[in-house]
Amino acid sequence: MPRPICAEIDSKALSANLARVMAVVRSHNQQAKFWAVIKANAYGHGVSAVVSSFAAADGLAMLDLEEARKSREAGWKKPILMLEGPFSESDVRQAQQLGLTLVLHQPEQIRMLGQLQPGNPIDVYLKLETGMNRLGFPPHVYREAYLQVLDLQNKAVVRTISHMTHFACADSDEGVREPMQRFQEAIGDLPGDWCLANSAACLRHSTELGRLASNHHRDLWWRPGICLYGASPFDDESAQSLGLAPVMTLRSELISVKSVKAGEGVGYGHIFKAPHDMTIGVVACGYADGYPRHAVTGTTVYVAGKPVSLVGRVSMDMVMVDVTEVPHAHPGADVVLWGKGGPLVDEVASSAGTISYELLSGVTSRVPRKLK
Ligand SMILES: *Cc1c(COP(=O)(O)O)cnc(C)c1O
């Protein structure tokens, strides 16, 4: 008998969110091209579940070879970008077979590429470090890296060379001005497309980035991720106000309902004590399903269509909720932890001191995904 938990995936919402971010960006950059980011098992939604919903994208971006293989098996024929590039020489050969585009962010990767036989050349994205201090060639060595890759292009190992960077603060006041100055200084007039923006930069900086690309006569590739899954990249603007629809609905059921007297504790450690006589519902969903253990008492859960409060500690397989005011709360009653008919995943994340990215990508493999 399966537990009553599942993650419903709304494929229409996926396509609608992609259309939404494409429309926002295209109003400033008509020729914009889009990588739909599907790393981390499509932010927890399941690679095979999302591939066909992103048919309007120009490519898919991820970082796991297995996910690239799954995307090809699901029928994806357009480009696939490997965001962290190859980890070994064997990756480079497999990338060549699967027709993948590789990010190159450090010298060792250029060396690996140099081991390939000429013929069947691959597309590469050279990554510049512009202030995040994570991945990428620092500006002073970028041209040297470019010349090495150009040499591989002349040897028919590399086909096209594009330029990319990643912003640390696209969601805050710092924005993208400083990193873009560094980017223009380092890349200048080197030929090749540009690829710059995550969801936050797509939704907040498309005017500025579109203008820079058009000044330099560059094709610009955008890399939205989280917004495609209906969550907001900002802590000061909701997904709804950005025109994004929730995609994943994490559903379960009550598996027990009990009366608790005033003063009694509920759950591990008794961190919650009933302030008055209460009815407590037990939900078949816990942190081993990916529900955040740090969600506090008061986090919203919907039971039988009504918002109620989580109470006490989240346990591995269950959470408890206060259903005193829900007359239809009986074992088998519908529960929505987040998504349609429940709280926004962003709200649950904030109640647990984290972000929707972590919640969505953290839904564990024991939760079946159901494509709607
Ligand atoms: C994850 C990632 C993205 C997408 O970021 P979102 O904030 O989810 O839009 C884009 N580019 C790179 C390099 C990434 O790692």
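Presented here is a report on the structure given in the accompanying data block. (Residues numbered from 1 in each chain as written. Predicted model: local features only at pLDDT ≥ 70, side-chain atom pairs only at ≥ 80, totals over all residues. Heavy atoms only, no water.)

A word on unusual backbone geometry. Positive phi, normally seen in glycine, also occurs at Tyr43, with a value near 50°. Take Tyr43: it is sitting in helix H2 (residues 39-43). Phi at Asn120 takes a positive value of approximately 50°, unusual for a residue other than glycine. Mapping Asn120 onto the fold places it in the loop between helix H6 (107-114) and strand E6 (122-127). (Helix = DSSP H or I, 4+ residues; strand = E, 2+ residues; numbered from the N terminus.)

This part is about the packing of aromatic side chains. Within this structure, the stated rule accounts for 7 aromatic pairs. Centroid distance Tyr43 to Tyr357: 6.2 Å. Interplanar angle 40°. Geometry classified as tilted. Taken together, the residues span a long stretch of sequence, with Tyr43 in helix H2 and Tyr357 in helix H12 (residues 356-361) at a distance of 314 residues. An aromatic cluster of three or more residues is present, and its members are Tyr43, Phe54, Tyr229 and Tyr357. Against the face of Phe234 rests Arg204, its NZ or CZ located 3.6 Å from the ring centre. (Phe/Tyr/Trp six-rings, centres within 6.5 Å; stacked < 30°, edge-to-face > 60°. Lys NZ or Arg CZ within 6 Å of the ring centre and 35° of its normal.)

Further remarks concern the pattern of salt bridges. Pairing is possible between side chains of opposite charge, provided their charged atoms come close. All told, the structure shown has 15 salt bridges when counted by the stated rule. Salt-bridge contacts for Arg366 lead to Asp289; the nearest nitrogen and oxygen are separated by 2.6 Å. Note that Arg366 is positioned in the loop between H12 and strand E18 (369-371) and Asp289 in the loop between strand E13 (278-283) and strand E14 (300-303), a separation of 77 residues in sequence. Between Arg366 and Asp317 there is a salt bridge; the shortest N-O distance is 2.9 Å. Here Asp317 lies in the loop between strand E15 (306-311) and strand E16 (319-322) and Arg366 lies in the loop between H12 and E18, a separation of 49 residues in the sequence. The partly exposed category is assigned to Asp317, whose relative accessible area is 29%. Residues joined by salt bridges that share partners form a network here, namely Arg3, Asp289, Asp317 and Arg366. (Salt bridge = Lys/Arg side-chain N within 4 Å of Asp/Glu carboxyl O. Buried < 20%, exposed > 50% of the residue type's maximum accessible area, 1.4 Å probe, protein only.)

Where H6 contacts helix H7 (residues 139-154), the two axes come as close as 10 Å, and the packing angle between them is 10°. The orientation of H6 relative to H7 falls into the category roughly parallel. The residues of H7 that touch H6, namely those facing Ile110, Leu113 and Gly114, are Ala145, Gln148, Val149 and Leu152. When its residues are assigned to classes, the contact of H6 with H7 shows 5 nonpolar, 2 polar and no charged. (Axes fitted to C-alpha atoms, helices over the stretch in contact; angles between N-to-C directions. Parallel < 35°, antiparallel > 145°, perpendicular 65-115°, else oblique. Contact = heavy atoms within 4.5 Å. Nonpolar A, V, L, I, M, F, W, Y, C, P; charged D, E, K, R; others polar.)

Under the defined criterion, the tally for this structure stands at 2 cavities of 30 Å³ or more. Empty space within the largest cavity amounts to approximately 70 Å³. Taken together, Tyr229, Gly230, Pro246, Val247, Met248, Trp338, Gly339, Pro343, Leu344, Val345, Asp346 and Leu360 form the lining of the largest cavity. Residues that form the lining of the largest cavity fall into these classes: 9 nonpolar, 2 polar and 1 charged. There is about 50 Å³ of room inside the second largest cavity. In this structure, the second largest cavity is lined by Lys127, Leu128, Glu129, Thr130, Met132, Arg134, Leu135, Thr165 and His166. Residue classes in the lining of the second largest cavity are distributed as 3 nonpolar, 3 polar and 3 charged. (1 Å grid on protein atoms, 1.4 Å probe; cavity = no way out; pocket = protein on both sides within 12 Å on 5 of 7 lines; lining within 4 Å. Points joined across faces, edges and corners; volume = space filled by probe spheres on them.)

Here strand E3 (residues 59-62) shows two buried faces, one formed by Gly59 and Ala61 and the other by Leu60 and Met62. Relative to E3, strand E2 (residues 33-37) runs parallel, the two being bridged by 3 bridges. Looking at the pairing, Val37 lines up with Ala61 of E3. In the sheet, E3 pairs with strand E4 (residues 80-82) via 3 bridges, with the strands oriented parallel. Opposite Met62, over in E4, you have Met82 as the bridge partner. Following the chain from E3 across helix H4 (residues 65-73) to the adjacent parallel E4, one finds a crossover that is right-handed. (Pairing = 2+ DSSP bridges. Right-handed = clockwise from strand over helix to strand, strands pointing away.)

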